[in-house]
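# Structural features, examined
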Amino acid sequence: MVAIGSKGRSATPAGRGVAAFAGFTVFLGQSSLTRRSRRATPAFMTHSARHDRRHDWMSPRVIRGKALFLPVALAAMLVCGAAVEVPTTTPPPSTPAPLSSGSVSQSAAQTLSGGTAELVERLQSDEPEVVIRALMALGLKKDIAAFVPILKLLVTRSDPDIRAVALATLEKLEYSVSFLVSVLEDGRQPAVAQAYAAYMLGRMQAREALPALVSALQSPYATVREHAMAALGSLHDMRAWKPLVIAAHEDPSPALRVKAQETAEALASATTQSSWPDAATLNAQIQDQDPAQRRAAAHALSERGNWWSVPLLIDALKDPDDEVRRLAARALGDLQDRRAVPPLIECLPTVSGLTLHTAIVALAVLKDRTAAPALIPYLEHPDPEARRFAARALGAFGDVAAAPALRRALADPVPQNRLEVTRALGSLKDGGAVPLLEKMARKDVEANRYAAIRALGAIGDPAAVAALERLLRSKDTIGVVTAINALREAGSMAAVPALEEMARKHREQWVREEALQAAIEIRGRARLEAARRPDNDVAAPSPGASPDKLSSGQTPD
């Protein structure tokens, strides 16, 4: 089989699956819907706009949903990773995050010696740091010969840091449309490569690839057909309408027939917007001498930008017009392209006001940990809005190195800023913040008190559980119920006696019912987890009131 590479290399038959965002987010799904490919494997990407949730992400109901879903999702990822067959070539998608490893820096990657072949050999190391350094160095080289080895790494390694850096490295390779078309048209290539080629052609909005994408609609692999449909929709070329309509009637997969129909309808609708300038026109307009034209182009590129727009928008971050810089930062965040992360970091000290806020928010949307060290100082910035957005971004990154600075930021004089800091500490599960959060849960403004209680539930360690049990004695009924829900989120059996006591003795019936339900859920989860263990040891009932009475579902008198 001819493998992927600028000069062609040999490879053995690949497995039938696609590995990968993650996103914004992200890169997990179900593929292999045909008889030839039945395994559940990671897909390259998810369309975040389709799943945009605008509810309160820290509400008790959402927290409970996340707590129950996360173990299932992690188990599915492990099963998927174990089931995929991968290309066995020697020295060989997410909402991707580029070159982000908590312990490996860009400078460390630059000091790694060796050519592409030697770096590819290091990808097989059992040491995560060695693999991450090799990936970073390959990203700096931008050699397309690393394409297959990185794809192989994605379907064989489950370490989240490795996968994030691998996806970022794929983004940095120097693709050409002709190379990606050759991959897509070669039926001997593995599905993982063809699907990624279709994905990249869609991102690049390469209209010259339309015939190859249309042919890919006949691929035996459902994942390849899915990404070919998405790419055809992004081309905004009516020549793709008829093939999509045919696929909507003839594709073997019912789900893909629906997708093809939706894509065809969206394409027909978009073509009626003939007055809208295309990306190529906007790319030229953003370099216009007139600042008003540059502003209009930067604003429009947020929605209609493409792969080629990103370097132009990066240049626009240095535009003499402040509004152009602000709109360019927003567009870079909207386009979700990790190439924008270093330029956005570099522009932070040079901007202020709304432009600074927009740049920080764009980095938060991109969710790249490499931006965390640059944003930590902004927790003490004179601008209150900048402090708030910095706290939100650091919570989104999930980098525990930011926890000490966030703890200090709990003393921010602006209540809304303390709220964002509290949420960030909960996201990081920072056990060191428990005493501060308990104090905030007693003495801050109402919204912050409840946010601190929810953050303690998200942390969920023994100290946080003990703090929540103490908060159950509060006279604030809403705060008590929030603490009950937080204990439900923490899921610790140590909290069951306190919940059962509250279910018997609290003066409010609805509070007793909440406490009873929380205790039942925690016990049920503990028994389920125990049943899954090899020894099948069911957790013994915790001390306290009669479990028979409390488990009956009846509210105590």
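Residues numbered from 1 in each chain as written. Predicted model: local features only at pLDDT ≥ 70, side-chain atom pairs only at ≥ 80, totals over all residues. Heavy atoms only, no water.

### Details of the overall build of the protein chain
When you go through the protein chain residue by residue, the secondary structure sums to 29 helices and 0 strands. Counting the 557 residues in the protein chain, one finds 53% classified as buried. Carbon and sulfur atoms make up 54% of the accessible area of the protein chain, which totals about 25200 Å². (Helix = DSSP H or I, 4+ residues; strand = E, 2+ residues; numbered from the N terminus. Buried < 20%, exposed > 50% of the residue type's maximum accessible area, 1.4 Å probe, protein only. Areas by Shrake-Rupley, 256 points an atom, 1.4 Å probe, with all protein chains shown as cover.)

### Description of the packing of helix α26 (residues 477-490) against helix α28 (residues 509-532)
Packing of α26 against α28 brings their axes to within 9 Å, and their N-to-C directions diverge by 10 degrees. When the interaxial angle is binned, α26 and α28 end up roughly parallel. Here Thr 477, Ile 478, Val 480, Val 481, Ile 484, Asn 485, Leu 487, Arg 488 and Glu 489 of α26 come into contact with α28, specifically with Trp 510, Val 511, Glu 514, Ala 515, Gln 517, Ala 518, Glu 521, Ile 522 and Arg 525. Grouping the constituent residues of the contact of α26 with α28 by class yields 10 nonpolar, 3 polar and 5 charged. (Axes fitted to C-alpha atoms, helices over the stretch in contact; angles between N-to-C directions. Parallel < 35°, antiparallel > 145°, perpendicular 65-115°, else oblique. Contact = heavy atoms within 4.5 Å. Nonpolar A, V, L, I, M, F, W, Y, C, P; charged D, E, K, R; others polar.)

### Observations concerning the environment of Ala 264
Topologically, Ala 264 is positioned in helix α12 (residues 254-271). Each C-alpha atom, one on Ala 264 and one on Pro 243, is 8.8 Å from the other, the two residues being 21 residues apart in sequence. The contact partners of Ala 264, leaving out residues within four places of it in the chain, are Trp 241, Leu 244 and Val 245.

### Some details on the nonpolar core
Ranked by internal contacts, the top residues of the largest apolar core, which has 88 residues, are Leu 344, Ile 360, Leu 375, Leu 406, Ile 484 and Leu 499. Every residue in contact with Leu 344, bar those within four places of it in the chain, is listed here: Leu 317, Ala 329, Leu 332, Ala 359, Ala 362, Leu 363 and Leu 366. Ile 144, Val 155, Met 204 and Ala 264 belong to the second largest nonpolar core, which has 66 residues in total. (Core = buried A, V, L, I, M, F, W, Y, C linked by side-chain atoms within 4.5 Å.)

### A closer look at the environment of Leu 327
Tracing the sequence through the fold places Leu 327 in helix α16 (residues 322-335). Owing to a relative accessible area of 5%, Leu 327 belongs among the buried residues under this scheme. Separated by 31 residues in sequence, Leu 327 and Thr 358 have C-alpha atoms that sit 8.2 Å apart. If sequence neighbours within four positions are ignored, Leu 327 has contacts with Arg 295, Ala 298, His 299 and Ser 302.

### Section: the confidence of the model for the protein chain
Low-confidence regions, as indicated by low pLDDT, have predicted coordinates that should not be scrutinised in detail. Mean pLDDT over the protein chain works out to 77, with 74% of the residues at or above the 70 mark. The spread of mean pLDDT over the elements of the protein chain runs between helix α29 (residues 547-550), the lowest at 40, and helix α21 (residues 403-409), the highest at 95. Counting contacts from residues 1-111, a segment whose pLDDT is below 50, to residues more than four positions away or on other chains yields 256 contacts. With pLDDT under 50 throughout, residues 537-557 is counted as low confidence; its partners more than four residues away or in other chains account for 39 contacts. (pLDDT = per-residue confidence, 0-100.)

### Looking at the packing of aromatic side chains
Taken as a whole and judged by the stated rule, the model has 6 aromatic pairs. For the pair Tyr 175 and Tyr 196, a centre-to-centre distance of 6.3 Å together with 45 degrees between the ring planes defines the contact as tilted. Remark: Tyr 196 occurs in helix α8 (residues 191-204) and Tyr 175 occurs in the loop between α6 (160-172) and α7 (177-185); sequence separation between them is 21 residues. You'll find Tyr 175 and Tyr 196 in the same group, each marked buried. Every member of this aromatic cluster is reached through a ring pair, and the members are Phe 147, Tyr 175, Phe 179, Tyr 196 and Tyr 199. One cation-aromatic arrangement involves Arg 388 over Phe 389; the distance from NZ or CZ to the ring centre is 6.0 Å. (Phe/Tyr/Trp six-rings, centres within 6.5 Å; stacked < 30°, edge-to-face > 60°. Lys NZ or Arg CZ within 6 Å of the ring centre and 35° of its normal.)

### What about unusual backbone geometry?
Negative phi characterises most residues that are not glycine, and trans characterises most peptide bonds. If you check the backbone angles, His 236 has positive phi at about 55 degrees while not being a glycine. Of note in the backbone geometry, Lys 367 takes a positive phi value of approximately 50 degrees without being a glycine. You can see Lys 367 is positioned in the loop between α18 (353-366) and α19 (372-375).

### Quick word on helix α15 (residues 309-316)
Burial analysis of α15 places 6 of its 8 residues in the buried class, the great majority of the element. Looking only at α15, the buried set comprises Ser 309, Val 310, Leu 312, Leu 313, Ile 314 and Ala 316. Where α15 is buried, its residues contact α13 (279-285), α14 (291-304), α16 and α17 (341-347).

### Brief notes about the pattern of salt bridges
Applying the stated rule across the entire model yields 26 salt bridges. For Arg 392, the salt bridge identified is with Glu 420, shortest N-O distance 2.9 Å. Taken together, the positions of Arg 392 in helix α20 (residues 384-397) and Glu 420 in helix α22 (residues 415-428) put the pair 28 residues apart, joining distant regions of the chain. Its relative accessible area of 40% is what places Arg 392 among the partly exposed residues. Exposure remark for Glu 420: the relative accessible area of 4% places this residue in the buried category. Between Glu 521 and Arg 488 there is a salt bridge, and its shortest N-O distance comes to 3.0 Å. One end of the pair, Glu 521, is in helix α28; the other, Arg 488, is in helix α26, and 33 residues separate them in sequence. (Salt bridge = Lys/Arg side-chain N within 4 Å of Asp/Glu carboxyl O.)

### Observations regarding the side chain of Asn 448
For Asn 448, the location among the structural elements is in helix α24 (residues 446-459). Other than its neighbours up to four places away in sequence, Asn 448 contacts Pro 415, Arg 418, Leu 419 and Met 440.

### Observations regarding the environment of Ile 478
With respect to the helices and strands, Ile 478 occurs in helix α26. For the pair Ile 478 and Val 511, spaced 33 residues apart in sequence, the C-alpha separation works out to 9.0 Å.

### Comments concerning the packing of α18 against α20
Relative orientation of the contacting elements α18 and α20 amounts to 10 degrees, with a least axis distance of 9 Å. Our classification of the angle between α18 and α20 gives roughly parallel. Along its contact with α18, which presents Leu 356, His 357, Ile 360, Val 361, Leu 363 and Ala 364, the element α20 presents Glu 385, Ala 386, Phe 389, Ala 390, Ala 393, Ala 396 and Phe 397. Within the contact of α18 with α20, the residues separate by chemical class into 11 nonpolar, 1 polar and 1 charged.

### Some details on helix α23 (residues 434-443)
Buried within α23 we find Val 434, Leu 437, Glu 438, Met 440 and Ala 441. Down the axis of α23, the smallest arc covering the buried residues is 160 degrees, so these residues share one side. Among the exposed residues of α23, those oriented more than 90 degrees off its buried face are Pro 435, Lys 439 and Lys 443. In this structure, the buried residues of α23 make contact with α22, α24 and α25 (462-471). (Arc of directions from axis to C-beta.)

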